[in-house]
Amino acid sequence: MPVLTVPSEHLSMPPPAPLPPLKQVRAGLRRATEALAEELALVRPGGVLPQWSELEWRLASAAAVAHGVAPLLHRFSTWQKVEWRRFLDRQRQHVAERHLRIEALLRRADALFRAAGVPVLALKGAALHGLGLYAPGDRPMADIDLLVRVGDADRAAALLGELGYAETFAQWKHRVFKPVEGGAVAGLGEHRDTPVNIELHTHIHERLPTSIVDITPQVFPSCPRPGLNPYPSNGALMSHLLLHAAGNICGRTLRLLHLNDISLLATRMTLADWEVLWSAGAPWWALPPLRLVARYYHNAVPAAVLRKLRRDCPWWLRAASRQQTLTRVSCSDLWLQAFPGIEWSRTPLEALRYLRHRFVPDQESRKERQDMVLTQLYLQGQTWVTRSHGRRLLRRLAGAVPRMDTLYVVRKALETVD
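Residues numbered from 1 in each chain as written. Predicted model: local features only at pLDDT ≥ 70, side-chain atom pairs only at ≥ 80, totals over all residues. Heavy atoms only, no water.

## Topic: the overall build of the protein chain
The number of helices and strands found in the protein chain is 17 helices and eight strands. The proportion of buried residues among the 418 residues of the protein chain is 54%. Considering only contacts within the protein chain whose residues lie at least 6 apart along the sequence, 75% involve residues at least 24 apart. By element, 55% of the accessible surface of the protein chain is carried by carbon and sulfur atoms, the whole surface being about 18,400 Å². (Helix = DSSP H or I, 4+ residues; strand = E, 2+ residues; numbered from the N terminus. Buried < 20%, exposed > 50% of the residue type's maximum accessible area, 1.4 Å probe, protein only. Contact = heavy atoms within 4.5 Å. Areas by Shrake-Rupley, 256 points an atom, 1.4 Å probe, with all protein chains shown as cover.)

Next up, the structure:
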């Protein structure tokens, strides 16, 4: 889910409000998430208004925010409940106004990179908007993702500085740049004033769960021009969306918005477009996300594509993905898992490496966690995150531990006054 980031020295977090019993919250989130997925995918068009309690409606708003689909539901939800419609109206208005800022920033970046002779690829949400798959205000964008060649990375970072951005931290996947001015806006869902961060990539890759899958050659144009470039094909964009979704499934952070992105792009794909998935070897990682898309968006994925992918997917991952639901592989499943994504290990040796990493994380993982504790608003003031890695892992093995990111959104939904 999108998270709010802010330097910790500027935070003053009040004590969290008490929550209903967590088992009740967990059941309500599961019920709301699956209902929202059916509503957005038009599985039951014109469905009857759910007979939910006030708590369940609040949890539905939390799920809509966590999965990034509140503005889309403004167009597609048939539920005529005054408070629900008001919430969706507000979310879409905030996203529409923020989208204007994002478009203006992309135009400035295009002009700056073009003048400097640096080619750059605008990724995911920006590309989907560029294809006209979403109207302004439909799809929230937590940040702008840009891909540059390795040799252009430092020059690109300097250009982002000219746009008024400063690098705040780096992870193995990308470098994160934030506006020099402005700070996070705490609250439920999207806000027009939330800063637009930029993530700078030199590779398109994911750890699944320990081995790295890299599709950069499929994604970056072979003959790019200076400035912003589109993906070389719809198949290249689909490859990126599927790998990104696979990484999120592996980490139990998938969003309904990811499935909606894939389903919309699939409507533009020919069978020849789908063949791009196999242009750099067997895409064994693509079956689980496409199975989830097919589960909720009927007829979106060609049966022939699913059949071909089944042959490439390891049997244990194929079996695990057969009955997966959105709730199970997303933040809507309230309990943390001790070994999330272990089923993505392709060999026993890879599974052993995964377990070793879970018990003894490397320095890079420790640094990533430190960065999260310092920058993620939902982690501020939480004693859980300051415990040692060993104590946290033992606590997960001993019993249910709730996700901090999910509890943050739930609390904000319960605090919101219509």
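## Here we look at empty space enclosed by the protein
Tallying each qualifying case throughout the model produces four cavities of 30 Å³ or more. What the second largest cavity holds in volume is close to 50 Å³. The wall of the second largest cavity is formed by Val95, Arg98, His99, Ile102, Arg139, Pro140, Met141 and Glu190. In terms of residue class, the lining of the second largest cavity is made up of four nonpolar, one polar and three charged. (1 Å grid on protein atoms, 1.4 Å probe; cavity = no way out; pocket = protein on both sides within 12 Å on 5 of 7 lines; lining within 4 Å. Points joined across faces, edges and corners; volume = space filled by probe spheres on them. Nonpolar A, V, L, I, M, F, W, Y, C, P; charged D, E, K, R; others polar.)

## Focus: the nonpolar core
Among soluble globular proteins, nonpolar side chains are generally buried collectively. Counting 88 residues, the largest nonpolar core has Trp84, Leu208, Trp285, Leu290, Tyr297 and Trp344 as its most contacted members. The greatest single-element share of this core, amounting to ten residues, is contributed by helix α8 (residues 234-250). Residues within four places of Trp285 in sequence aside, it is in contact with Leu208, Val213, Ile215, Ser239, Leu242, Leu243, Ala246 and Trp344. (Core = buried A, V, L, I, M, F, W, Y, C linked by side-chain atoms within 4.5 Å.)

## What about the packing of aromatic side chains?
As enumerated under the stated definition, the model contains nine aromatic pairs in all. Seen from the ring of Trp172, Arg207 lies directly overhead, with NZ or CZ sitting 4.1 Å from the centre. A cation over a ring is seen here: Lys308 above Trp278, with NZ or CZ 4.2 Å from the ring centre. (Phe/Tyr/Trp six-rings, centres within 6.5 Å; stacked < 30°, edge-to-face > 60°. Lys NZ or Arg CZ within 6 Å of the ring centre and 35° of its normal.)

## A word on the sheet that holds strand β2 (residues 143-147)
Strand order in the open sheet formed by six strands is β3-β4-β5-β2-β1-β8, with mixed pairing between adjacent strands. Either end of the sheet is taken by a strand with one partner, and the two such strands are β3 (165-170) and β8 (227-229). Taking the axes of each pair of neighbouring strands and ignoring which way they run, one obtains an average angle of 35° across the sheet. Bridge count between β2 and strand β5 (residues 197-201): five bridges; the pairing is parallel. Along β5, the bridge assignment pairs Leu147 with His201. Along the sheet, helix α4 (residues 82-116) contacts β1 (119-122), β2, β3, β5 and β8; its crossing angle with β8, the most-contacted strand, is approximately 115°. Lying on the sheet, helix α6 (residues 153-162) is in contact with β2, β3, β4 (175-179) and β5; it crosses β4 at an angle near 15°. (Pairing = 2+ DSSP bridges. Axes fitted to C-alpha atoms, helices over the stretch in contact; angles between N-to-C directions.)

## So, a positive patch on the surface
Among the surface-exposed residues, Arg307, Arg310, Arg311 and Arg322 lie close enough to one another that they form a single positively charged patch. Residue position: Arg311 is located in helix α12 (residues 303-312). (Patch = residues over 30% accessible without salt bridge, like charges linked within 9 Å, V, L, I, M, F, W, Y side chains within 5 Å. Salt bridge = Lys/Arg side-chain N within 4 Å of Asp/Glu carboxyl O. Lys, Arg positive; Asp, Glu negative; His and termini not counted. Charge placed at Lys NZ, Arg CZ, Asp CG, Glu CD.)

## Things to note about the pairing of β4
Along β4, four of the five residues are buried, which leaves the element largely enclosed by surrounding structure. Direction of pairing for β4 relative to β5: antiparallel, over a ladder of three bridges. Counterpart to Phe177 in the pairing with β5 is Ile198.

## Points about the side chain of His67
Tracing the sequence through the fold places His67 in the loop between α2 (54-66) and α3 (70-76). For His67, a relative accessible area of 2% corresponds to the buried category. Only 2.8 Å separates the side chain of His67 from the side chain of Ser332, close enough to count as a polar contact. Once residues within four sequence positions are removed from consideration, His67 is found in contact with Thr33, Leu254, Arg255, Leu256, Leu257, Leu326, Ser330 and Ser332. (Polar contact = N/O pair within 3.5 Å; in protein donor to acceptor, adjacent residues only side chain to side chain.)

## Here we look at the side chain of His240
Note on placement: His240 falls in helix α8. Each residue touching His240, except ones within four places of it in the same chain, is listed here: Leu123, Lys124, Ile204, Ile215, Val219 and Tyr231.

## Details of the packing of α8 against helix α9 (residues 256-266)
In contact at an axis separation of 10 Å, α8 and α9 are set at 160° when each is read in the N-to-C sense. By the criterion of interaxial angle, the relationship of α8 to α9 is roughly antiparallel. For the crossing formed where α8 meets α9, the hand is left-handed. Counting all contacts with α8, which are made through Asn234, Leu237, Met238, Leu241, Leu242, His244, Ala245 and Asn248, the residues of α9 involved are His258, Asp261, Ile262, Leu265 and Ala266. (Parallel < 35°, antiparallel > 145°, perpendicular 65-115°, else oblique. Left-handed = near helix turned anticlockwise from the far one by under 90°.)

## Let's talk about the environment of Pro217
By the secondary structure assignment, Pro217 is in helix α7 (residues 216-219). The class of Pro217 is exposed, set by a relative accessible area of 72%. Along the sequence, Pro217 and His203 sit 14 residues apart, while their C-alpha atoms lie 8.8 Å from each other.

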